[in-house]
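Listed here are the chains, written in short residue letters.
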Amino acid sequence: MNIQETYSALGLSDSEYDRILELLGRAPNFLELSLFSVMWSEHCGYKNSRPLLRRFPNDGPRVLQGPGENAGVVEVGDGWALAFKVESHNHPSAVEPYEGAATGVGGIIRDILAMGARPVALLDSLRFGPLDEERNRYLFREVVRGIGGYGNAVGVPTVGGEVEFSPAYSGNPLVNAMCVGLIRTEDLMRSRATGEGNLVVLLGSKTGRDGIHGATFASDELSEESESRRSNVQVGDPFAEKMLIECCLKLLERDLLVSLQDLGAAGITSSASEMAASGGVGIDIEVDLVPRREGGMEPFEAMISESQERMLAVIPPEDEEEVLALAERYGIGGTVVGRVADHGDLRVIVDGEVVGSVPVEYLADAPVYERDLIRPGYLDEVQKLDLDALPEPDDLNEVLLKMLAHPNLRSRRSIYGQYDHEVGTNTVVRPGADAAVMRIKGTNRGFAMTTDGRGRHCYLDSRGGGAATVAEAYRNLSCVGAEPIALTNCLNFGSPEKPDGYYQLAECIEGISEACEAFGVPVVSGNVSLYNETARGPIYPTPVVGMVGMLEDVTRHATAAFKREGDWVLVIGTHTGSLEGSEYLEIVHKKVAGRPQNVDLDEEKKLADLVRRLVSDGIVDTAHDVSGGGIAVACAEMAITGGTGVRLFDEVENRLMYEGRRADEVLFGEPGGSYIVAVPNERFDDLREALVGFSYDEIGHTGGDRVEIGDLVNLSLGDLRGAYERDLFGIPGEVVGGTEPVG
Amino acid sequence: MGGGFVRIGVTVFPGSNCDQDALHAVELMGAEPVALWHADTDLKGSDAVIVPGGFSYGDYLRPGAIARFAAVMGSLEEFARDGGPVIGICNGFQVLCEAHLLPGALLQNTHMRFACDRVKVRVETTQTPWTSGCEVGEELTLPIAHNEGNYFADAETLARLEDEDRVVLRYLDNPNGSANDIAGVCSENRNVVGVMPHPERVSDPVLGSDEGLRILRSVLAGARV
C-alpha cells in the first residue's frame, strides 16, 4: 500500500494529508496518521459542522457548563444540577443493532459520569424504515432489546423517548440516546488535565480490537460493505459499566480525582488528547501498559480501540494506592498508563521509547469546511400541495382508527414496557406522557425531560422544522408543568459534502437557534451524526432535541390522561390546524408534501408558559399538546390513557367552530401551539380567570366510554384501544408503515 | 419490639441495582437501613434482610446463580435457618431460589421480553413475616421489572406450595407465564419470602403509591429484636 492508499483507507483526504505534513513539518508514521485520522473524523473533529454550531446560543443564568465538555450542566436549585447530553449511535446500530444500541446507551452514560454526576435517567430517540419490511422489523426489535438489555442491567431507568417510521430511514436507522445525571453543583468534575507528573489511570474493562476505526466508520456513508464492518462495532458489558459507575462515584466522593474523561470514539487517543488540550499540557501514554483483551495488538490499535466501559482519570501520584485499591474493590481494572507532561504533545511510548508524538493542539485542530448554501431543488416540488384536490374521507371513524393504529401514532407501551423505567425510585411521571418527570430525593423539587424530532417537517422546510422541533420539546415540558431550562441536540443528517445535506444542516441549525433565542433556552451540549445515507438516498434531516426543565414542587405536575367524569375540556391556543406536512396526509393520503405552518415563536412561548403556570399553580392536572394527528388523536389519547370518554363539539355554538371547514382538517390538522386541558367544575372559574387575554375555547366534557366529536366521530374506548394499543412488534398485517418521500 | 430501631440489612452484590431503593424504602418504613457488602460475612446485627433486585454479577450464567456463592450468603443462609425474616425481591427472589432457600426457579418470561409494568396481585397468605400486616385476599398494585419472572416448579412442589398455604402473592393477570399465577412464595418455615414485584418501588406517595409498605412494614411487627 502506498502512502496515499494508506491515508485514504483511514478516511483522510489529500488536502488533509498535506495539512498534516505542513503542521508536523515531516511525514507522520502510521501510528501518528491513525491518531490524525480518528481525531479529524467528522465524529470527533466536527470539521463540517463546527462553523455552523457556533450559531447556537449557549448562555443562560442556569448554565454551569456549556458545550465543549462531556456534557452540559445546568442548575436546578437547592444546590442541585443536571448534567445531560444526547448522542447518536446510528452507524453501529445499522449493522449490529443490539450491540450498537446497547453501547450507545453505555457511551452516553459515561459522558454524564465524566462530569461527576450520577446517571439517573435515559431517553432514546429512534427512527426506522417502515415495519412492513423484515429488515426494518429486525433493526427495530434488536435496537429496543439492546437499549433495554443495557439500560435495565446498568440500573439507570429509561424514562422517555420517541420513535418514528419512514422509508427515509430504511437501512439507516437512527439511534440517539440521551442521559441525564444529577450532581451537587460543588462536585462538578471536568476533563481538563493538569499538574505535570500527575498520573493517568485507565479504569474499567480491558482493551481489545473492538471498535477500531469506529469514529472513522461513523463518518462515512453506509453501503453494502458496511455489513462487513461489524468488527467496527463495539460489544457492551452493562455489568462492567455498573461497577465502573459505582467506582468512579466513590473516587469522586473521596476527592481523589484531578479530572475524569470517558473513553468513547477514538478511545485513549481522543480522551487523552482532549484532556491535554483543554488543560494546556501534554500526556505520555505508555501504551504497552494498557491491559489487553487479546494478544498481538499493535500500539495504534490500543490507542484507538473503542472497547467499552473504560474511563481515563488523572490523579495525584500520592493517591495511586487508594485509587487502585478502590478499583479492586469494585472488581474493575485500574492501571497507571501515563503521566501528565509539560511538552504539549500526545506521546505514545512503548518500552520506554517514543513511537509517536503529535502536539495535541494539532489533533484538536481538524480542518474546517464551509460550503455555500444552495436551496435544494426538491423543495419547490414537495412544498406544493393542493388541498382542494384531496378527497375527503367518508368514514372519519375509520380514519381515526387507522391513524391511531399507525406505528407513528400508536401507543409506545410495547417499547417502554421492555425498559425498566422505575429503578432508582425517582420516576414520578412514567413513559407514555408528554415528558417524564422525576423527583430529587430529599427535596420537593423535580425535573422533567423530553426528546423530540420532526424529520418530515425538517425535510419539507428545514428552518421551520428546526424551530418546530424546539417548540415541540418546549410544549411537552410545559404540559407536565416544568419550566424548560436548557437543551442538548443530536444533529442527524445526510452527507454535508452534498449541497442538499449541507443546506438542511445549516437551515435546521438556524431554525433551532431562532427558537432557542425566542424561548430563552440555551444549547448546552450536543452531537453531530452526518453521512446518514444509503444507496436509497439520505435520511430526512432529523435534528433531535433533548430538553430538560424543572419543577419547584414535583407534586404539581400534569399528565394527558383524563382523570374524572364531568371535567370541562378546553382547547387553549388556536384550534385551526393545517394538513400541510401532517401525519394525516402521510398516513391516509400517502403524501409527504406541503409546508407546515411556521411557529410564531413569541406567541408559542406565551401559551406554553401559561399552560405551565396553570399546572404549577395547581389549577390543571390534565394537559396535552395537540401534535401529530391533530385534536382528534390528542383527545383519543387522553381518553384511552385515562379510561374515560369525552364528548366534544356537542353544542350548537361550538359546532360553528368547524362548520364550513373540511372535517378532516378540523380533526387531524396540526396547529402547533395548541393544548387540550381538562378541569373539574370546581376549578373552572379559576381556570377561566387565568385564561383572560388568551385565546381558548370550551369544547366539551369528559365522561362515558366513548369518544364523540360532533357528528364526525363516535367510537367506543374499546375500539380505540384495539387500534392504539396494538403491539408494535407484532406482524404488521394491514397496517402500512409509511410512504416514499417525493423528490 | 424492643428498644431502638429495627435494623434491616440489604445485601449489595456487584450488579445489584435496587439496593439503594431498598435502603431508602427501609427508611420510609421507619427502620434503620444497613448495607451488607457481598464480600463481608457480617450481617451487622440485622433483624431482617432484604435481598434486592438488579442484575447481580450481570446475571451472567443465570440470574442469581453466581450471587448465591457470595461470602455474605453463608451468613444469610444461617440467619434464614435460624428463622430470621428474609425477603428476596426480583433478582433477590432468583438468588434465594438458586440458594435453595426457596423452592422452584424463575424462567424467562413466556413472551420472551423484559416486562416493566404495574400489575395487580392478591395477598394469599398472611402467615409470613412479610405479609402479616396485610389481609388475605387483599389486592395490591405493584411494579414488576424482569426478564426471568416466570415461576416454575414441578407439579408435586406446586401442589405442596398450595396445600401448605405457601403461595404468598398471586397475579390477577399473569404477566410472565408463572405457574399457578404465582408472584411470590415462602419457605417451609415461612420466614423466607421471594416475590417478583417490587414493593420498595411503591413506598413513597410522591411516586403515586405507597402500597409496597403494606408488605415491607409487616416485618416490623414480628421482627426479632
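Everything here concerns the structure above.
Computed from a predicted model, the values in this text were never measured in an experiment.

Here we come to the overall build of chain A. Scanning chain A for helices and strands turns up 27 helices and 28 strands. Taken against the 2.2 N^0.38 rule, which gives 27 Å for 743 residues, the C-alpha radius of gyration of chain A at 26 Å falls within 12% of a compact globule. Taking the principal axes of the C-alpha coordinates as reference, chain A spans close to 90 × 55 × 45 Å. Per-residue burial over chain A gives 63% buried out of 743 residues. Long-range contacts, defined as pairs at least 24 residues apart, comprise 85% of the intrachain contacts of chain A with a sequence gap of at least 6.

Assigned secondary structure in chain B consists of six helices and 11 strands. Over its C-alpha atoms chain B spans a radius of gyration of 16 Å, differing by no more than 12% from the 17 Å that the globule rule assigns to 225 residues. Structurally, chain B occupies a C-alpha span of about 45 × 35 × 35 Å along its principal axes. The long-range fraction of contacts in chain B, counting pairs at least 24 apart against all pairs at least 6 apart in sequence, stands at 74%.

On to the sheet that holds strand β4 (residues 86-89) of chain B. Residues and elements named next belong to chain B. Strand order in the open sheet formed by nine strands is β2-β1-β3-β4-β11-β10-β9-β6-β7, and the pairing between neighbours is mixed. The open sheet has two free edges, formed respectively by β2 (32-37) and β7 (139-146), since each of these has just one partner strand. Sheet twist, expressed as the mean angle between neighbouring strand axes with direction ignored, is 25 degrees. Of the strand pairs in this sheet, strand β1 (residues 7-12) and strand β3 (residues 48-51) are connected by three bridges, and their pairing is parallel. Paired with I8 across the two strands is A48, which belongs to β3. In the packing of helix α1 (residues 19-29) onto the sheet, the strands contacted are β1, β2 and β3, and the crossing angle to β1 comes to about 175 degrees. Across the face of the sheet, helix α2 (residues 71-81) comes into contact with β1, β2, β3, β4 and β11 (192-195) while running at roughly 125 degrees to β4.

We now examine the environment of B:R118. Residue and element names in this part refer to chain B. Of note, R118 is situated in strand β6 (residues 115-123). Classification of R118 as partly exposed rests on a count of 17 C-beta atoms within 10 Å. Put simply, R118 and G45 are 73 residues apart on the chain and 34 Å apart in space, counted from C-alpha to C-alpha. Among residues more than four places away in sequence, those in contact with R118 are T141, L142 and P143.

Turning next to the packing of helix α16 (residues 396-405) of chain A against helix α27 (residues 717-724) of chain A. Residues and elements named next belong to chain A. Running from N to C, α16 and α27 point in directions that differ by 40 degrees, and their axes come no closer than 7 Å. Regarding the angle of α16 to α27, the classification is oblique. For the pair formed by α16 and α27, the contact residues are L401, L404 and A405 on the first element and D719, L720, A723 and Y724 on the second. Across the contact of α16 with α27, the residue classes break down as six nonpolar, no polar and one charged.

It is worth spelling out the nonpolar core at this point. Core analysis: the biggest nonpolar cluster contains 310 residues, and A:L82, A:V437, A:A448, A:V470, A:V548, A:C635 and A:A636 have the highest contact counts within it. The element best represented in this core is helix α20 (residues 499-519) of chain A, accounting for 10 residues.

Take the sheet that holds strand β21 (residues 542-551) of chain A next. Within a sheet, neighbouring strands are paired by backbone hydrogen bonds and run either parallel or antiparallel to one another. Residues and elements named next belong to chain A. In spatial order, the strands read β14-β15-β16-β21-β17-β18; together these six strands make up an open sheet with mixed pairing. Lying at the two open borders of the sheet, with one neighbouring strand each, are β14 (427-429) and β18 (523-529). For this sheet, the mean angle separating the axes of adjacent strands, direction not counted, is 25 degrees. Inspection of the sheet shows strand β17 (residues 483-492) paired to β21 by nine bridges, in the antiparallel sense. Residue pairing in the sheet places A486 in a bridge with V548 of β21. Where helix α19 (residues 462-480) meets the sheet, its contacts fall on β14, β15 (436-439), β16 (446-453), β17 and β21, and the angle it forms with β16 comes to roughly 150 degrees.

The subject of this paragraph is the interface of chain B and chain A. Tallying the contact residues gives 24 residues for chain B and 23 residues for chain A. Every element with two or more residues in the side of chain B that touches chain A is listed here: α1, β6 and β7 of chain B. When residues in the side of chain B that touches chain A are grouped by element, the largest group, three residues, is from β6(B). For the side of chain B that touches chain A, the per-class residue count stands at 12 nonpolar, five polar and seven charged.

Turning our eyes to something else, we now look at unusual backbone geometry. One non-glycine residue, A:D255, adopts positive backbone phi at about 60 degrees. Tracing the sequence through the fold places A:D255 in the loop between α10 (238-253) and β8 (259-262). The phi angle at B:D59 is positive, at roughly 60 degrees, despite the residue not being glycine. Locating B:D59 in the fold gives a position in the loop between β3 and α2.

Along the polypeptide, B:A145 turns up in strand β7. Separated by 28 residues in the primary sequence, B:A145 and B:D117 place their C-alpha atoms 6.7 Å from one another. Leaving out residues up to four positions away in the same chain, B:A145 has contacts with A:D420, A:E422, A:V423, B:C90, B:C116 and B:H198.

Quick look at the environment of A:V180 now. Residues and elements named next belong to chain A. By the element assignment, V180 lies in strand β6 (residues 174-184). Given 28 C-beta atoms within 10 Å, V180 falls into the buried group. Distance in space between the C-alpha atoms of V180 and V368 is 31 Å, their sequence separation being 188 residues. If near-sequence neighbours (up to four positions away) are discounted, V180 is found in contact with L82, F84, V120, A121, M449 and V548.

A few words on the pairing of strand β9 (residues 167-171) of chain B. All names here are of chain B. Most of β9 is tucked away, with four of its five residues classed as buried. Pairing analysis gives three bridges linking β6 to β9, with the strands arranged antiparallel. Looking at the pairing, V123 lines up with L169 of β9. Here β9 pairs with strand β10 (residues 182-186) via three bridges, running antiparallel. Paired with V167 across the strands is V185, a residue of β10.

Conventions and cut-offs
Residues numbered from 1 in each chain as written. Chains lettered and ligands numbered in written order. Predicted model: local features only at pLDDT ≥ 70, side-chain atom pairs only at ≥ 80, totals over all residues. Helix = DSSP H or I, 4+ residues; strand = E, 2+ residues; numbered from the N terminus. Rg over C-alpha atoms; globule rule 2.2 N^0.38 Å. Buried ≥ 20, exposed ≤ 12 C-beta atoms within 10 Å, placed from the backbone. Contact = placed C-beta atoms within 7 Å. Pairing = 2+ DSSP bridges. Axes fitted to C-alpha atoms, helices over the stretch in contact; angles between N-to-C directions. Parallel < 35°, antiparallel > 145°, perpendicular 65-115°, else oblique. Nonpolar A, V, L, I, M, F, W, Y, C, P; charged D, E, K, R; others polar. Core = buried A, V, L, I, M, F, W, Y, C linked by C-beta atoms within 7 Å.

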